[in-house]
Amino acid sequence: MARKYFGTDGIRGLANGEKLTPDLALRVGQAAGMAFRRGDHRHRVVIGKDTRRSGYMLEYALTGGFTSVGMDVYLLGPVPTPAVAMLTRSLRADLGVMISASHNPYEDNGIKFFQPDGFKLSDEIEEEIEALVEKGVSAGLTHGENIGRARRINEVTTRYTEFAKRTLPRHADFTGLKVVVDCANGAAYKTAPEALWELGAEVIAMGVEPDGFNINKDCGSTAPQALCKRVLEEGANIGIALDGDADRVVIVDEKGQIVDGDQLMAALALYWHELEWLNGGGIVATIMSNLGLERCLSDNQLRLERTKVGDRYVLERMRSGGYNLGGEQSGHIILSDFSTTGDGLVSALQVMSLVQKRNKPVSEVCKMFDLVPQLLTNVRIAGGQPLADDRVIKAIASGEQRLGTSGRLVIRPSGTEPLIRVMGEGDDEGLVKQVVGDIAHVIEGVV
């Protein structure tokens, strides 16, 4: 079945644009409620959101959809995505929903779902929901006392903060560490600074004044330059940059240099391997992860399993292969001993624990390999299928031949934005730039 609404990470688009409207949210709420209405008990769904203004609109539309098919709704307010996953399990809900467009600008928004066990939906369940949206659910509407009700849950941020702290050893104490944390004016603007302070760190907080429109704007994990500067100004030991829904993290070392998800996964993997905590004989990452990560793991007799882009595909492979560490270069790091999805705060806490254990600067602890030159270029498209064009196919084949065995290409449509992503990497940086530029130029000529 062709996917009309769901992309790489739930449903995402311009709020009140062509696709993501209150009407769609209402119908998706009804369809998802129908798909997860199993048994005779009172069914419940938890709904969290980030700090976008459009979150109110979608929250109430989803609530209307769920209650109309007999589900009780528990509204969490602004909380990180991993908090929704955790509370779906903790509150024994039949379904969890996060309203967020993650790292996208404020104009966009999205809807992503969690099953009762806290894991994201499979492709098959998403297709079932899409089919119900298209078909309509009038036969599943409830009446009278069977209509659902909605209420807000208090102290949600406190519950999540305590959960995050409990992923560390009982007597963990970050006293003496000076931390700058950038919360991207997003969902973790309360929880991340509070957790770090309660663990003893000296905390300088940025991006903690959301106004509905400044989420991810020149801040957070997708724009960490301000954090790099602040770390140097404050003489901090470490900088932590989260994205809008706090399911990804980028670290900044004491020199103001960015440490991406690949380096963090390598550092944690080798540390856990040393402690015999690492399961599966390696880690899982995506086709976008740097070749240097693969070489680093191989040098230490560990495997790197690659999946297509999307943290849920990483997690599916982790579950099937018995791995407990995986993630994406962008900073989605999944530590399945603790969480069922990427968790930026928990990942940062694990890195801080490692830094404290090694008693060395972040620049030494988290630099595990030299990056193989890698270039990613995004080509904006208006629609169509440019990757099926003969000129593009020929350009990609030519690029692969030029890079040979010392490099690789990954060309794919974005699952969250109207873009074609052209990524190339190889030991010859100049050649990589030429190849990526040539392919991007051809794509621009056909869109």
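The structure we're discussing is the one just above.
Residues numbered from 1 in each chain as written. Predicted model: local features only at pLDDT ≥ 70, side-chain atom pairs only at ≥ 80, totals over all residues. Heavy atoms only, no water.

Talk me through the pattern of salt bridges; I want residue IDs and the actual numbers.
Taken as a whole and judged by the stated rule, the model has 28 salt bridges. Glu 234 serves as the salt-bridge partner of Lys 178, at 3.9 Å between the closest nitrogen and oxygen. Of this pair, Lys 178 sits in strand E8 (residues 178–182) while Glu 234 sits in helix H7 (residues 225–234), and the two are 56 residues apart along the sequence. Looking at Glu 234, the relative accessible area reads 26%, which means it is partly exposed. (Salt bridge = Lys/Arg side-chain N within 4 Å of Asp/Glu carboxyl O. Helix = DSSP H or I, 4+ residues; strand = E, 2+ residues; numbered from the N terminus. Buried < 20%, exposed > 50% of the residue type's maximum accessible area, 1.4 Å probe, protein only.)

Please give an account of helix H4 (residues 123–135) that cites residues and values.
Compared with the 18 Å implied by 1.5 Å per residue over 13 residues, the 18 Å span of H4 between its first and last C-alpha is a close match. Where H4 is concerned, the buried positions are Ile 125, Glu 126, Ile 129, Glu 130, Leu 132 and Val 133. Down the axis of H4, the buried side of the element spans an arc of 160 degrees, and every buried residue falls inside it. Of the residues in H4, the exposed ones pointing more than 90 degrees away from the buried face are Glu 124 and Lys 135. Where the residues of H4 are buried, they touch strand E1 (6–7), strand E2 (10–14), helix H1 (22–35) and helix H10 (311–321). Where H4 terminates, the next one or two residues include Gly 136, which has phi positive at roughly 95 degrees. (Expected span 1.5 Å × (residues − 1). Arc of directions from axis to C-beta. Contact = heavy atoms within 4.5 Å.)

I'd like a rundown of the nonpolar core, residues and numbers included.
Ranked by size, the top nonpolar core spans 70 residues in total, and within it Ile 240, Ile 251, Ile 283, Leu 293 and Leu 325 carry the most contacts. Looking at which element gives the most residues to this core, the answer is helix H8 (residues 261–274), with nine residues. The residues contacting Leu 325, other than those within four sequence positions of it, are Met 265, Leu 268, Ala 269, Trp 272, Leu 278, Gly 282, Ile 283, Val 284, Met 318, Ile 333, Ile 334 and Leu 335. (Core = buried A, V, L, I, M, F, W, Y, C linked by side-chain atoms within 4.5 Å.)

Give me unusual backbone geometry: which residues, what numbers.
Positive phi values are uncommon outside glycine, yet Asn 185 reaches one of about 50 degrees. In this structure, Ala 246 is a non-glycine residue whose phi angle is positive, near 65 degrees. In this structure, Ala 246 sits in the loop between strand E10 (238–242) and strand E11 (249–252). When its relative accessible area of 2% is taken as the criterion, Ala 246 is described as buried.

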